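# Inside the fold
Listed below, chain by chain, are the residues.
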Amino acid sequence: KALTALSDEEVIRKEIKQKLYHIRYQIDGSDESIVIATVRPETIMGDTAICVNPKDERYLHLHGKFAFVPLINRRIPIIADEYVTMDFGTGALKVTPAHDTNDYQLGTKHNLEVVDVLNDDGTMSEAAQIYVGLDRFETRKKIAVELEEKGYLLKTEEYTSEVGFSERTDVVVEPRLSLQWWLSMKDIATPALKAVMEEEIQFFPPKFRNVYKHWMENIKDWCVSRQLWWGHRIPAWYDEQGNVVVAENEEKAIEKYVADHGKNPVFFKQDEDCLDTWFSSWLWPFEVFKGYSNPGNKEIQYYYPTNTLVTAPEIIFFWVARMIMAGEEYMKAIPFKEVYFTGIVRDKQGRKMSKSLGNSPDLLGLIDQYGADASRFGIMISSPAGNDILFDEAALEQGRNFNNKMWNALKLIHMWKERTTDLVTEPPFAVRWFEERLRQVTEEVDLMMTQFRLSEALKTIYSLIWDDFCSWYLEWVKPGYEQPLEENVHDFTVDYFTELMQMLHPFMPFITEEIYHQLEKNREVDLCVRQCQMPNHSANSSILEQGQMLKEIITGIRDVRNKQQIKPKETIKLFIQTETPDIFKGLYGIIEKQVNASEINLSTTNIPGSFTTVIGKNTFYVVSEKPIDTSHQKAELEKEMEYLKGFLVSVEKKLSNERFVSNAKPEVIELEKKKKNDAENKIRIIEESLEKM
RNA sequence: GGGAGCAUAGCUCAGUUGGUUCAGAGCAUCUGCCUUACAAGCAGAGGGUCCGCGGUUCGAGCCCGUGUGCUCCCACCA
């Protein structure tokens, strides 16, 4: 047990206009006096020193002398401490250890007497000597008058400062000494600090390790007793003389008492205080499985330590650190391996959501409006790990639209099912490509999930479904109007869609489950959250590169169509000039469909009257009914040319820099050479195209 | 006052030993489309002195110093 100066929890600070009283204290053995300034003149009877700054020249001659507290004439020392600010008030501070936190610390440091002038009910105590039994605020008024009458009050000035009010009762909180139970923290903090610093326990995001480290390295003893009537009661018992015994329970306390005193206690009463809420909470990881009260039971063996704690960063110290300490102390093992910190949900303007602001969304209303999956999507997509969440309904709308998109994809696949053909062919390029793409993204998402980069994982899956699956893959395999689809292509598509639903399931459980069952009737098991099935070999990069090139070609030619204002329904003829015609094998069908080309041919020369565009190492000539506007095209090519030449210069400069060549890693130099080569090739191709225009 | 973090497109954010053409994504914006899954959509585009200054380096969005601005936690002046 130790004295506590004050607990400042549940205290609301408010700016209050007050009076600052300048009060004169007579110096012992001198005509001189020293003036202090205070807003609480009723506490002067608790003064046990006057403190000045050691550097303050005004008071140098008073160091070590004594002064008298007005009205009660207690003789108190004049001490010097850096704590006192010279330019505030008079530069002299009355020290009241019983009623001010800082004064208490000052008192401890300088071995000052402690005089508690207040009773529990806020009236003046016997120790105050005067105004005993009178309310503190009444005393303040009366004492000011008395001080003035007796010539101690020199002046009063208006002063605004912060005063603590009780959160529950809204009365001014009075710092007051009391006897409390404390827990010495240093020893139990050491292993807990080590566990996190050595990453036996990992924090996500890791930046919070700094906060934890700072706390644990500067840990203060913990006041664990509370004057409440609920909670775990302090396990301490007193006899009639106030001798105390601490034990696990009353039975053991009596045993201990008998051992210490050689007799049974006549009177034995448990302490009425309760433990701090967090003292109970820090037992949570093991005591929910009775790991302390019934050690080694089956459940605690299975569940302790657990894997991941999900919590908020503002309770790193209150709860996270304490659970780790309790785990190490009582279970001799860490309680969990990973801690994931969620952000605080804020409104669009960045304000914390709160009842008083009334800016919390009505979740059930949102679910009605957008759907449960969409609401989950909206929150998850805007939760970058470790950052606060700015809640914006637009994200929920995006989630709703995503639902709709997937629903429509399902509808399309159902339509195909009705007219598949038994004809089974080699899987077309699109099928092979998407398999690789799925494999690639699965690996990416798996990595993000293990790093708790949840919103990034969701974004990646979202893009895989919307862009790769719907916008590219489905369009690539889509049969012509009223044409049938090969059965195996349909089956692959169903498999892919299933795999996608599995990936998305943790984020959007309802629609994924539904689509999963509708894709294939009579599925026996439900979808559940499981780890990604890691592919048994890594993705085939050449197919992926080919797919990437295909996307770029399609986009590039669509851009030409747009810029040339060729109507969507109007077909074009496409000629490809390439040194590697093989890479286009099997892609003609897709390209024709995607850019609405009536035919595609290879060409070794420029096509007159066409629009030229260079994509990668290949030149494409677009022929349309419409007259081609080459001025725009020419300007674009020239612009690119200029850029490439500038780029080439910078690469060449780098390569001719001796210091670069001698210092850079060989693979970096190789890359630079490749860049140079690529740029030169591209410049040549564009030059040729420009010449012919 | 003590500590931590942040500053990249209009907004929210990625950018993983400093080296691909690195300046990105989503949303928003603009243009064109009622194309037979989807207008809650399709196709395309524009948009940035990577906060300022200095340094290290062959090379800096990334490393170091410094200034400015913001956020959070803790303490709080009689």
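Residues numbered from 1 in each chain as written. Chains lettered and ligands numbered in written order. Predicted model: local features only at pLDDT ≥ 70, side-chain atom pairs only at ≥ 80, totals over all residues. Heavy atoms only, no water.

## Quick word on the packing of aromatic side chains
For any pair of aromatic rings, the description rests on two quantities: the centre-to-centre distance and the angle between the ring planes. Inspection of every chain in the model, using the stated rule, returns 37 aromatic pairs. With centroids separated by 4.6 Å and ring planes inclined at 10°, the aromatic side chains of Phe289 and Tyr303 adopt a geometry described as stacked. On the criterion of sequence distance, the pair formed by Phe289 in the loop between α7 (284-287) and α8 (298-303) and Tyr303 in helix α8 is long-range, its members being 14 residues apart. Residue Tyr303 is classed as partly exposed on the basis of its relative accessible area, which comes to 38%. Ring centres 5.2 Å apart and planes at 15° place the aromatic pair Tyr340 and Phe452 in the stacked group. A residue pair is termed long-range when its members are at least 10 positions apart, and Tyr340 in strand β19 (residues 336-341) and Phe452 in the loop between α13 (429-450) and α14 (454-477) qualify at 112 residues. Here the aromatic residues Phe429, Trp433, Phe434, Phe469, Trp472, Tyr473, Trp476, Phe492, Tyr496 and Phe497 are joined through ring pairs into a cluster of three or more. A cation over an aromatic ring shows up here: Arg75 above the ring of Phe66, its NZ or CZ 3.9 Å from the ring centre. (Phe/Tyr/Trp six-rings, centres within 6.5 Å; stacked < 30°, edge-to-face > 60°. Helix = DSSP H or I, 4+ residues; strand = E, 2+ residues; numbered from the N terminus. Buried < 20%, exposed > 50% of the residue type's maximum accessible area, 1.4 Å probe, protein only. Lys NZ or Arg CZ within 6 Å of the ring centre and 35° of its normal.)

## Quick look at helix α11 (residues 372-381)
Along α11, the residues classified as buried are Asp373, Ala374, Ser375, Phe377, Gly378 and Ile381. Here the buried face of α11 lies against α10 (363-370), α12 (393-417), α14 and α16 (509-519). (Contact = heavy atoms within 4.5 Å.)

## Observations regarding a negative patch on the surface
On the surface, Asp422, Glu487, Asp491, Asp495 and Glu520 cluster together into a patch of negative charge. Note on placement: Glu520 falls in the loop between α16 and α17 (541-563). The class of Glu520 is partly exposed, set by a relative accessible area of 38%. (Patch = residues over 30% accessible without salt bridge, like charges linked within 9 Å, V, L, I, M, F, W, Y side chains within 5 Å. Areas by Shrake-Rupley, 256 points an atom, 1.4 Å probe, with all protein chains shown as cover. Salt bridge = Lys/Arg side-chain N within 4 Å of Asp/Glu carboxyl O. Lys, Arg positive; Asp, Glu negative; His and termini not counted. Charge placed at Lys NZ, Arg CZ, Asp CG, Glu CD.)

## A few points about a nonpolar patch on the surface
A cluster of nonpolar side chains, Leu363, Leu364 and Ile367, forms an exposed patch at the surface whose accessible area comes to about 290 Å². Within the secondary structure, Ile367 is located in helix α10. Owing to a relative accessible area of 30%, Ile367 belongs among the partly exposed residues under this scheme.

## Some points on the pattern of salt bridges
In this structure the tally under the stated criterion is 23 salt bridges. Ionic pairing is found between Lys155 and Glu157, a salt bridge with its closest N-O pair at 3.7 Å. Given the relative accessible area of 43%, Lys155 is considered partly exposed. Two residues, Asp468 and Arg437, come together in a salt bridge whose shortest N-O distance is 3.0 Å. Taken together, the residues span a long stretch of sequence, with Asp468 in helix α14 and Arg437 in helix α13 at a distance of 31 residues.

## Quick word on the protein's contact with RNA strand B
Close to RNA strand B lie 54 residues, the nearest being Tyr159, Asn210, Tyr481, Phe660 and Lys675. Of all atoms in RNA strand B that approach within 4 Å of the protein, 60% are sugar or phosphate atoms. Measuring from a phosphate oxygen of RNA strand B, one finds a side-chain N or O atom of Asn401 at 3.1 Å. Asn562 places a side-chain nitrogen or oxygen 3.0 Å from a sugar or linking oxygen of RNA strand B. In terms of residues, the surface near RNA strand B owes the most to one element, α12, which gives 10 residues. (Near = heavy atom within 4 Å. Polar contact = N/O pair within 3.5 Å; in protein donor to acceptor, adjacent residues only side chain to side chain.)

## Let's talk about the packing of α10 against α12
As a packed pair, α10 and α12 sit with axes 10 Å apart at the nearest point and diverge in direction by 35°. Regarding α10 and α12, the two cross each other, and that crossing is right-handed. In contact with Leu366, Gln369 and Tyr370 of α10, α12 contributes Glu393, Leu396, Glu397, Arg400 and Asn403. Class assignment of the residues belonging to the contact of α10 with α12 gives a composition of 3 nonpolar, 2 polar and 3 charged. (Axes fitted to C-alpha atoms, helices over the stretch in contact; angles between N-to-C directions. Left-handed = near helix turned anticlockwise from the far one by under 90°. Nonpolar A, V, L, I, M, F, W, Y, C, P; charged D, E, K, R; others polar.)

## With respect to the sheet that holds strand β14 (residues 236-238)
Reading across the sheet, the 3 strands line up as β15-β14-β16 and stay open at both edges, with antiparallel pairing between neighbours. Single-partner strands in this sheet number two, and they are β15 (244-246) and β16 (269-270). Here β14 runs beside β15; their pairing, made up of 3 bridges, is antiparallel. Note on β15: the bridge partner recorded for Ala236 is Val246. Docked against the sheet, helix α5 (residues 250-261) engages β14 and β15, running at close to 125° with respect to β15. (Pairing = 2+ DSSP bridges.)

## Some words on the confidence of the model for chain A
Overall, the predicted model of chain A reaches an average pLDDT of 86, with 95% of residues at or above 70. Contacts for the low-pLDDT stretch residues 1-7, under 50 throughout, to residues beyond four places or in other chains number 25 contacts. At the level of chain-chain contacts, confidence expressed as ipTM amounts to 0.91, with global pTM at 0.83. (pLDDT = per-residue confidence, 0-100.)

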